[in-house]
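The primary structure of each chain is shown beneath.
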Amino acid sequence: MTLFEKIIARQIPANIVYEDDLVLAFHDIKPHAPVHVLIIPKKPITRIAGASVEDERVLGHLLLKAAEVAEKLGLGTTGYRLVINNGPDAGETVPHLHCHILGGRSLAWPPG
């Protein structure tokens, strides 16, 4: 089981901010912004490149809920960034698709 699957199974604690039948959102333990939340599908999908057409519903749901969570966290007015890393060179450290919701400060471009 990946770290995220253990969080979904409640084997590892997390500061959860949103959950439904398809996704789970929780605060990152090593935040890179004042607000740094991860939103993950409960179905284990290794990465965006590993998703299939059968995952279309959960992927769309993930993005819509990311926007909803960002709004709930007070980022709707000032803005936020959504980041999905794909593979180790992109910074992916857990092989379970996840979207970073980053905000609470001005974010530079291009990112590191």
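In what follows, the structure referred to is the one given above.
Keep in mind it's a predicted model, so treat the numbers as computed, not measured. (Residues numbered from 1 in each chain as written. Predicted model: local features only at pLDDT ≥ 70, side-chain atom pairs only at ≥ 80, totals over all residues. Heavy atoms only, no water.)

A. Summary view of the nonpolar core. Of all hydrophobic cores here, the largest spans 19 residues; its most connected members are V23, A25, V37, I39, V69 and I101. Listing elements by their share of this core, those giving two or more residues are β1 (16-19), β2 (23-27), β3 (35-41), α2 (56-72) and β5 (99-103). Counting residues per element, this core draws most heavily on α2, at 6 residues. Once residues within four sequence positions are removed from consideration, I39 is found in contact with V23, L24, A25, L62, K65, A66, V69, H98, C99 and I101. Among the nonpolar cores identified, the runner-up in size contains 7 residues, and F4, L24, F26 and I40 belong to it. (Core = buried A, V, L, I, M, F, W, Y, C linked by side-chain atoms within 4.5 Å. Buried < 20%, exposed > 50% of the residue type's maximum accessible area, 1.4 Å probe, protein only. Helix = DSSP H or I, 4+ residues; strand = E, 2+ residues; numbered from the N terminus. Contact = heavy atoms within 4.5 Å.)

B. Structural context of the pattern of salt bridges. This model, assessed by the stated rule, comprises 5 salt bridges. Among the ionic pairs, E19 bridges to R10, the shortest N-O distance being 2.5 Å. We classify E19 as partly exposed; its relative accessible area is 36%. Given a relative accessible area of 45%, R10 falls into the partly exposed group. Between E68 and K65 there is a salt bridge, and its shortest N-O distance comes to 3.0 Å. Here the residue E68 and the residue K65 both occupy positions in helix α2, the gap between them amounting to 3 residues, near one helical turn. Judged by its relative accessible area of 41%, E68 falls in the partly exposed class. Three or more residues are tied together by salt bridges with common partners; here these are R10, E19 and K42. (Salt bridge = Lys/Arg side-chain N within 4 Å of Asp/Glu carboxyl O.)

C. Up close: the pairing of β5. Burial of β5 is extensive: 5 of the 5 residues sit out of reach of the surface. Relative to β5, β3 runs antiparallel, the two sharing 5 bridges. Its bridge partner being in β5, V35 is matched across the sheet by G103. Relative to β5, strand β4 (residues 80-83) runs antiparallel, the two sharing 4 bridges. Residue pairing across strands places V83 opposite H100, the latter belonging to β5. (Pairing = 2+ DSSP bridges.)

D. Quick look at α2. Helix length check: α2, at 17 residues, gives a terminal C-alpha distance of 24 Å against a target of 24 Å (1.5 Å per residue), a fit within 8%. Taken residue by residue, α2 has V58, L59, H61, L62, K65, A66, V69 and A70 as its buried positions. Across the axial projection of α2, the buried residues extend over an arc of 170°, all falling on one side. Exposed side of α2, more than 90 degrees from the buried face: E56, R57, L64 and E71 are the residues found there. (Expected span 1.5 Å × (residues − 1). Arc of directions from axis to C-beta.)

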